[in-house]
Amino acid sequence: MISIETRWLVQDLLNEYALTIDHDELEAWPDFFTDDGVYKIMPAENRRQGLPGVLVLCIGSNMMRDRIKVLREANEFNIHFDRHILGMPKLEPLGGNLLRVTSCYSLFQTDQEGESRLFNVGQYEDIVDVGGPRPLFKERVVVVDTCAVPNLLATPI
Amino acid sequence: MISIETRWLVQDLLNEYALTIDHDELEAWPDFFTDDGVYKIMPAENRRQGLPGVLVLCIGSNMMRDRIKVLREANEFNIHFDRHILGMPKLEPLGGNLLRVTSCYSLFQTDQEGESRLFNVGQYEDIVDVGGPRPLFKERVVVVDTCAVPNLLATPI
Amino acid sequence: MISIETRWLVQDLLNEYALTIDHDELEAWPDFFTDDGVYKIMPAENRRQGLPGVLVLCIGSNMMRDRIKVLREANEFNIHFDRHILGMPKLEPLGGNLLRVTSCYSLFQTDQEGESRLFNVGQYEDIVDVGGPRPLFKERVVVVDTCAVPNLLATPI
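Residues numbered from 1 in each chain as written. Chains lettered and ligands numbered in written order. Predicted model: local features only at pLDDT ≥ 70, side-chain atom pairs only at ≥ 80, totals over all residues.

(A) Layout of the overall build of chain A. Along the backbone of chain A there are three helices and seven strands. Listed by position from the N terminus, the elements making up chain A come as α-β-α-β-α-β-β-β-β-β. A compact globule built from 157 residues would reach a C-alpha radius of gyration of about 15 Å, and chain A, at 15 Å, matches this within 12%. In terms of overall dimensions, chain A has C-alpha extents of about 45 × 35 × 25 Å along its principal axes. (Helix = DSSP H or I, 4+ residues; strand = E, 2+ residues; numbered from the N terminus. Rg over C-alpha atoms; globule rule 2.2 N^0.38 Å.)

(B) Broad picture of the relation of the copies chain B and chain A. Taken as rigid bodies, chain B and chain A are interconverted by a rotation of 120° and an axial shift of 0.0 Å, the fit giving an RMSD of 0.0 Å. What the superposition gives is, in effect, a three-fold axis relating one chain to the other. Every residue of chain B has its C-alpha some distance from the rotation axis, and the shortest such distance is that of Gly87 of chain B, at 4.0 Å. (Least-squares fit on C-alpha atoms with pLDDT ≥ 70 in both.)

(C) Spatial organisation of the relation of the copies chain A and chain C. When chain A is brought onto chain C, the operation consists of a screw motion whose angular component is 120° and whose axial shift is 0.0 Å, with 0.0 Å RMSD remaining. Of the residues that chain A buries at the interface, just 20% are likewise interface residues in chain C, meaning the two copies contact each other through different surfaces. (Contact = placed C-beta atoms within 7 Å.)

(D) Expanded view of the pairing of strand β1 (residues 33-43) of chain A. Residue and element names in this part refer to chain A. Relative to strand β7 (residues 136-144), β1 is paired through seven bridges, and the arrangement is parallel. The partner of Phe33 across the bridge, within β7, is Phe137. Bridge analysis of β1 against strand β2 (residues 56-59) gives four bridges, and the strand direction is antiparallel. Bridge pairing in β2 places Tyr39 opposite Cys58. (Pairing = 2+ DSSP bridges.)

(E) Spotlight on the interface of chain A and chain C. With 20 residues of chain A at the interface, the matching set in chain C holds 18 residues. Of all the secondary structure elements, the ones that give two or more residues to the side of chain A that touches chain C are α1 (4-22), β3 (81-86), β5 (98-110) and β6 (116-129) of chain A. Broken down by class, the residue content of the side of chain A that touches chain C amounts to eight nonpolar, seven polar and five charged. (Nonpolar A, V, L, I, M, F, W, Y, C, P; charged D, E, K, R; others polar.)

(F) Spatial organisation of the interface of chain B and chain A. Of the residues lining the interface, 20 residues belong to chain B; the matching set on chain A comes to 18 residues. Counting residues per element, the ones that place at least two in the side of chain B that touches chain A are α1 (4-22), β3 (81-86), β5 (98-110) and β6 (116-129) of chain B. Broken down by element, the residue count for the side of chain B that touches chain A peaks at six residues, all from α1 of chain B.

(G) Representation of helix α1 (residues 4-22) of chain C in the model. Taking 1.5 Å of rise per residue, the 19 residues of α1 of chain C would be expected to cover 27 Å, and the 27 Å separating its terminal C-alpha atoms lies within 8% of that figure. Among the residues of α1 of chain C, those classed as buried are Val10, Gln11, Leu13, Leu14, Asn15, Tyr17, Ala18, Ile21 and Asp22 of chain C. Elements that come into contact with the buried residues of α1 of chain C comprise β4 (90-95) of chain B together with β3 (81-86), β4 (90-95), β5 (98-110) and β6 (116-129) of chain C. Asp24 of chain C lies just past α1 of chain C and shows a positive phi near 60°. (Expected span 1.5 Å × (residues − 1). Buried ≥ 20, exposed ≤ 12 C-beta atoms within 10 Å, placed from the backbone.)

(H) Seen up close, the environment of Ile79 of chain A. Residues and elements named next belong to chain A. With respect to the helices and strands, the residue Ile79 is situated in the loop between α3 (61-74) and β3. Exposure remark for Ile79: the 8 C-beta atoms within 10 Å place this residue in the exposed category. In sequence terms Ile79 and Ile68 are eleven residues apart; their C-alpha atoms lie 15 Å from each other.

(I) Examining the confidence of the model for chain A more closely. Residue and element names in this part refer to chain A. Overall, the predicted model of chain A reaches an average pLDDT of 93, with 96% of residues at or above 70. When mean pLDDT is taken per element in chain A, β7 scores highest with 98 and α3 scores lowest with 92. Overall fold confidence for the complex sits at a pTM of 0.95, while the interface term, ipTM, reaches 0.93. (pLDDT = per-residue confidence, 0-100.)

(J) Representation of unusual backbone geometry. One non-glycine residue, Asp24 of chain A, lies in the positive phi region at around 60°. One can find Asp24 of chain A in the loop between α1 and β1.

(K) Broad picture of the environment of Tyr39 of chain C. Residues and elements named next belong to chain C. Secondary-structure assignment places Tyr39 in strand β1 (residues 33-43). Sequence separation between Tyr39 and Pro89 is 50 residues; the distance between their C-alpha atoms is 18 Å. Excluding its chain neighbours within four sequence positions, the residues that come into contact with Tyr39 are Phe33, Cys58, Met64, Arg140 and Pro156.

Right under this line is the structure:
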């Protein structure tokens, strides 16, 4: 059984992750992963058909740090602000200190004129390591329903 | 008082219900109800005025199974993927093993081109039986704010 | 540490607040605040730059009661129904009976024709007093990402 304490810790992890992006504190984004953590964005279509193609792949938190650095230096257009609204997570024990965590999100973007629109909806499929001082993502796969991304998919989801 | 354990169980029920629809596992949808469970979709306008008219009515999980069977055989257009984002539930004891549970949802649909849009928002008004091995809906009334449904209202909400 | 009981109480506060507005029970809105409670709506742009400008300011629950009274008498156009979908709250102890609570919302509006659209997204930045018989807002700052509000910003968010 998963303790109530663990449930809250995982819920806080998901929540803090989203707030960190929404607050544009992207440099802190890799810190939510284990050193060897994997981050993927893949279309739901591929997920359903078992196809391996992904839109974004980062292996290890160092690759994530690189990505943010590049993004900070390169992204001179499509300035926007993110807002994640998260659903409640579903937790399943995987043995050891690992949990499988499934949750849904809606992601809205607001442009510099202050207009907001739906940007993306989908599902997080996570493997969370709860063995350390705070839970971390060992794997976070973002399965995007919205495969037709209207803008640059630059910031992490 | 409602125990913390019960709160989590109810939250899981709401969550699993939504994920089951989002994952297009519609055959499992009736299993979230008691055998004599009732499922209704009604417009908020009728709800506010105490009018009885509903958009969808299923009495008993067998009628729900019928509905899914028909839907699987008939629904050759408006292929889409659902995504529910749920708010937190409000729980009130009704005596015996029954709880009144109120929660909000936003429901997005993604078409086969991978474009997502807001499909429906509203409120679940549930009577949940927590007396069995897992909680089940004795009644689930979906009160849709969005009465002007732009497409076929085929899949359950 | 914040107890699990307190977490649920705060979650209920946020939830009840939103349901009260969504159910158009606006006369009960000021009751969610301490007598000297402060309610503000401010643009995220000002929040980010440390500018003091706000869109709405109510100091004390009596000023909120006035506001609702005026709204009930004046608001003859843009009749709509609200629907808040809330994310999970982040809680931080502030000492004494006070907590800092941060949470996200998406707010949809449905018009009298039954058509729904995204109205606003943003973040609640609250100071909650948990010392009394039920938690109350000592301060609720609504930081709206969506600064370009397409209609009258009449009802509280």
